[in-house]
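# Survey of secondary and tertiary structure
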Amino acid sequence: MKMHIAVAQMGPIQRSDTRRQAVARLCELLKDAASRGAKWVTFPELALTTFFPRWDMEDPAEIRSFYETEMPGKETQPLFDLARELGVGFYLGYAELDGDRQFNTSILVDGAGAIIGKYRKIHIPGDATSQDGYPIQHLEKKYFEVGDLGFPVFDAGDVRIGMCICNDRRWPETYRVMGLQAVDLVMVGYNTPTGYGRLGEPKHLPAHHNHLSLQAAAYQNTCWIAAAAKAGVEEGIHMIGGSCIVAPTGEIAVQALSEDDEVINYVCDMTLADGYRGNMFAFERHRRPEHYQAIVERVGASRQPL
């Protein structure tokens with residue numbers, strides 16, 4: 001079975017840019033993907049606003065201005081209407097305000113414009129307060145709580161689609177939980193600055209680690225991965241691009257070349273995973289969960305024997 005997938009990378013969204021402007025860009029990317037024949041599109045994390053966790057804000061009204069209280073809302077409805085018109089589904093990342101709870105969220109919308117799945121980011125990186133000596137602040141722990149929906153997988157026609165967000169892609173548990181639900185395609189959006197991480201880290205490593213994580217996960221969990229960046233210089237901070245579609249072989253099938261708004265697409269052979277699922281990664285034959293207890297019983301590393 002073939003599935004035509006697109007990834008819609010976005011260039012930077014500045015603080016002065018409105019949601020209406022961001023949605024207009026998303027609509028143009030969706031049209032581009034549809035014109036190529038794609039049936040599913042992955043958009044980035046926090047695709048409606050600038051990456052606001054770089055700032056230590058205190059005014060509740062200012063903070064809440066970055067969140068969505070309904071989806072779709074008045075400003076995002078045109079994207080849903082266009083998806084229905086074109087018959088193209090999409091993944092969209094945004095900041096969600098659910099009552100007083102704040103989440104870094106993504107949704108899966110089908111070609112009829114209906115929300116068929118929701119995910120809330122679980123691996124929240126960064127800090128809850130500003131850190132002295134860091135050239136870039138990363139305050140996701142201040143603005144988002146840990147997601148409470150687990151790692152669900154959703155039936156989308158003949159395929160099963162899962163979602164994760166940015167830092168989730170670095171953690172093997174993310175994909176294994178979905179792999180155990182026979183996921184066929186994982187969609188992931190990210191905003192990754194080049195200057196955050198280990199202090200003094202060479203600037204080439206964030207992009208390397210991005211692809212390393214995605215390629216290993218696709219191979220080890222026998223699935224396709226569609227990963228979309230928000231890239232370029234946003235509010236003076238450079239973020240990596242490298243949006244890509246990765247095959248179950250662990251190979252990058254196609255990759256974005258710019259740090260601007262750019263669509264990449266690939267006709268994915270969904271049966272490519274079958275050979276691995278029936279042999280090397282036949283979970284039901286080879287997994288030994290009785291020896292994996294430490295993965296769920298121990299949070300941090302310890303020298304204490306298990």
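Residues numbered from 1 in each chain as written. Predicted model: local features only at pLDDT ≥ 70, side-chain atom pairs only at ≥ 80, totals over all residues. Heavy atoms only, no water.

Among all positions in helix α3 (residues 77-86), only L79, F80, L82 and A83 are buried. One face of α3 carries all of its buried residues, which in axial projection span an arc of 160°. Looking at the buried residues of α3, the elements they touch are α1 (19-35), β3 (89-98), β4 (101-109) and β5 (115-120). Trailing α3 by a residue or two, G87 shows a phi angle of about 70°, which is positive. (Buried < 20%, exposed > 50% of the residue type's maximum accessible area, 1.4 Å probe, protein only. Helix = DSSP H or I, 4+ residues; strand = E, 2+ residues; numbered from the N terminus. Arc of directions from axis to C-beta. Contact = heavy atoms within 4.5 Å.)

This part is about the confidence of the model for the protein. Across the protein, the average pLDDT comes to 96, with 99% of residues at or above 70. Looking over the protein, one finds the lowest element-wise mean pLDDT in helix α9 (residues 293-297), namely 91, and the highest in strand β9 (residues 224-229), namely 99. (pLDDT = per-residue confidence, 0-100.)

Before going further, it helps to examine the nonpolar core. Formed by 47 residues in total, the largest nonpolar core has its most connected members in M3, I161, L185, V186, L214, I225 and I245. Top element by residues in this core is β9. It accounts for 6 residues. I225 has contacts with Y175, L185, V186, V188, L214, A217, A218, C244, I245 and V246, leaving out every residue within four places of it along the chain. Of all hydrophobic cores here, the second largest spans 28 residues; its members include M10, A47, L48 and F80. (Core = buried A, V, L, I, M, F, W, Y, C linked by side-chain atoms within 4.5 Å.)

Let us now look at the side chain of N191. If you trace the backbone, N191 turns up in the loop between β8 (185-190) and α6 (205-220). A polar side-chain atom of N191 sits 2.8 Å from the main-chain carbonyl oxygen of E45. Side chain to side chain, N191 and K230 meet in a polar contact 2.7 Å long. In contact with N191, other than residues within four places in its own chain, are E45, F51, C166, K230 and M239. (Polar contact = N/O pair within 3.5 Å; in protein donor to acceptor, adjacent residues only side chain to side chain.)

All right, on to the sheet that holds strand β13 (residues 252-255) then. In space, the 6 strands of this open sheet follow the order β6-β7-β8-β9-β12-β13, with mixed pairing throughout. Only two strands of the sheet have a single partner each, and these edge strands are β6 (153-156) and β13. Across the sheet, the axes of successive neighbouring strands diverge by a mean angle of 20°, strand direction being ignored. Pairing of strand β7 (residues 159-165) with β8 involves 5 bridges; the strand directions are parallel. Residue pairing for β8: G162 is matched across the bridge by V186. Running over the sheet, helix α5 (residues 172-179) touches β6, β7, β8 and β9 and is turned about 160° from β7. (Pairing = 2+ DSSP bridges. Axes fitted to C-alpha atoms, helices over the stretch in contact; angles between N-to-C directions.)

Here the focus is the packing of aromatic side chains. In total, this model carries 11 aromatic pairs according to the counting rule given. Ring centres of F80 and F90 lie 5.5 Å apart, and the angle between their planes is 75°; this geometry places the pair in the edge-to-face category. Note that F80 is positioned in helix α3 and F90 in strand β3, a separation of 10 residues in sequence. This pair shows no difference in class: F80 is buried, exactly as F90 is. Consider the rings of Y219 and F281, whose centres lie 5.0 Å apart with planes at 80°: the pair is edge-to-face. (Phe/Tyr/Trp six-rings, centres within 6.5 Å; stacked < 30°, edge-to-face > 60°.)

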